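# Reading the structure
What follows is the residue order along each chain.
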Amino acid sequence: MSEHIVPKKTYYAVFGALMALTAITVFVARFDLPWILNIVVALTIAVTKATLVVLYFMHVRYSSRLTQVVVVAGIFWLVIMLVLTASDYVTRGLLAPVVSISAQ
Amino acid sequence: MAQSEVTAQHAIAHHPALAHHFENMEQQREASTLGMWVFLITEIMFFGGLFLAYSIYRSWYPQVFAEASHHLDILLGGINTVVLITSSLTMALAVYHSQVGNRGKLVLFLILTMLLGLTFLGIKVIEYSHKFHDGLIPGIHFHYEGPHPQQAQIFFWLYFAMTGLHALHMIIGVSILAFLIYFAWRGRYSPEYHSPVEISGLYWHFVDIVWIFLFPLLYLVGFHVKG
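Residues numbered from 1 in each chain as written. Chains lettered and ligands numbered in written order. Predicted model: local features only at pLDDT ≥ 70, side-chain atom pairs only at ≥ 80, totals over all residues. Heavy atoms only, no water.

On to the overall build of chain B, then. Looking only at helices and strands, one finds seven helices and zero strands in chain B. Reading the secondary structure of chain B in the N-to-C direction produces α-α-α-α-α-α-α. Relative to the 2.2 N^0.38 estimate, which gives 17 Å for 227 residues, the radius of gyration of chain B is 23 Å and therefore markedly larger than a compact globule would have. Taking the principal axes of its C-alpha atoms as reference, chain B extends roughly 85 × 30 × 30 Å. Counting only residues that meet the buried cut, chain B has 51% of its 227 residues in that class. Partitioning the contacts of chain B with sequence separation of at least 6, the portion at a separation of at least 24 is 80%. Accessible surface, chain B: about 10,600 Å² in total, of which carbon and sulfur atoms supply 67%. Of the side-chain charges in chain B, 9 are positive and 13 negative, and the distance between the mean point of each set is 7 Å. (Helix = DSSP H or I, 4+ residues; strand = E, 2+ residues; numbered from the N terminus. Rg over C-alpha atoms; globule rule 2.2 N^0.38 Å. Buried < 20%, exposed > 50% of the residue type's maximum accessible area, 1.4 Å probe, protein only. Contact = heavy atoms within 4.5 Å. Areas by Shrake-Rupley, 256 points an atom, 1.4 Å probe, with all protein chains shown as cover. Lys, Arg positive; Asp, Glu negative; His and termini not counted. Charge placed at Lys NZ, Arg CZ, Asp CG, Glu CD.)

Residues and elements named next belong to chain B. In the numbering used here, UniProt assigns the "transmembrane region" (unreviewed entry) feature to residues 34–54, 74–94, 106–126, 154–185 and 206–225. Secondary structure content for residues 34–54 is 100% helix and 0% strand, while the C-alpha to C-alpha distance between its ends is 30 Å. Span residues 106–126 is 100% helix and 0% strand, its end C-alpha atoms 31 Å apart. (UniProt positions renumbered as here; feature names shortened; annotations may be inferred.)

Within soluble globular proteins, side chains that are nonpolar generally end up buried alongside one another. Within the largest apolar cluster, 90 residues are counted, with the highest numbers of intra-cluster contacts made by Met58 of chain A together with Trp37, Leu110 and Phe156 of chain B. Sort the elements by how many residues they give to this core and helix 7 (residues 195–219) of chain B lands first, with 16 residues. A domain split of this core shows at least three residues from each of domain 1 (1–58) and domain 2 (64–90) of chain A. Not counting residues up to four positions away in its chain, the partners in contact with leucine 110 of chain B are Met91, Ala94, Leu177, Leu180, Ile181 and Ala184 of chain B. (Core = buried A, V, L, I, M, F, W, Y, C linked by side-chain atoms within 4.5 Å. Domains from an automatic or database assignment.)

The next point concerns the domain arrangement of chain A. Interface size is often expressed as the accessible area that is lost when the parts come together. Split by domain assignment, chain A resolves into domain 1 (1–58) and domain 2 (64–90). Relative placement of domain 1 of chain A and domain 2 of chain A: their C-alpha centres are 20 Å apart.

So, on to the side chain of asparagine 80 of chain B. All names here are of chain B. The topology assignment puts asparagine 80 in helix 4 (residues 74–100). We classify asparagine 80 as buried; its relative accessible area is 0%. One polar contact links the side chain of asparagine 80 to the main-chain carbonyl oxygen of phenylalanine 120, over a distance of 3.4 Å. (Polar contact = N/O pair within 3.5 Å; in protein donor to acceptor, adjacent residues only side chain to side chain.)

Before going further, it helps to spend a moment on helix 4 of chain B. Residue and element names in this part refer to chain B. Here helix 4 spans 39 Å end to end across 27 residues, near enough to the 39 Å set by a 1.5 Å rise per residue. Of all 27 residues that make up helix 4, 21 are buried, and the element is covered over most of its length. One side-chain oxygen of the residue at the start of helix 4 lies 3.0 Å from the amide nitrogen of leucine 75, identifying that residue as aspartate 73. (Expected span 1.5 Å × (residues − 1).)

All names here are of chain A. The residues that UniProt annotates with the feature "transmembrane region" (unreviewed entry) are residues 12–29, 35–57 and 69–87. For residues 12–29, the helix share is 94%, the strand share is 0%, and the end-to-end C-alpha distance is 26 Å. Across residues 69–87 one finds 100% helix and 0% strand; the C-alpha atoms that close the span lie 26 Å apart.

Written out as structure tokens, the structure reads:
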């Protein structure tokens, strides 16, 4: 298996997409969207940009399976850290407070 | 006699850059890439910790974070985003020219990447000095006009910790580029051996990705709220 050389054309296309997404994220951020849509849109665009960089600029799309597994495993561990911690902070106060026996 | 023949053949086929513990150049290149990715994952995890801290404090004080973010310059942050993405393109093109063995263009694109990196750092210096003059450095001299200055201080603590660590990575990246430019100019890299260029590229793109998240989270978070 020899090294895959990504054509320059691909790099220019990814660069164009990254620039366009940057412009979109600045444009959309000006509008007061309902609910938490502002942050959802901002993060969706950021994740899309990061994915483009990882797949094409960092060659992961053309890398060996071993490298791909390591990359996915790393991101998976990051998600564990973020989601499990958030599951604590976000759900605090959802349950009715426990009334202690001594207070009754 | 057979032994010495094998040794002689080995000496002929041996690429000068092949370390003795690897079977061939292919395996050596694969190991470099994998090793760099393992390192980058440790980087993802520690930057991840800061993003986690940001998420929790932001979920607690959304209004204060939006209000405090008005003190950041969206124009300068936006220019820096464009500068950094462009530097990722020039880095990717540098890797391309190392793969096809075009020494002149390899050196050219490495220099362009370095100049863009220095531009980013220069703009960061301007931003930091504005914050310093406005008294927005967390600590005993922190001065903030809006409501809830203590919560705003957390925002600025996160701003300086995250962009500061990012800037440190940029300084390291620019230093690595200086070495790459020197060795590329000396003709050390070839289509058979250019792993240093490739894995330095991985590092540079990673630092770009961190900024891709920092820009919307720090600069744009309060854009939709009237200041």
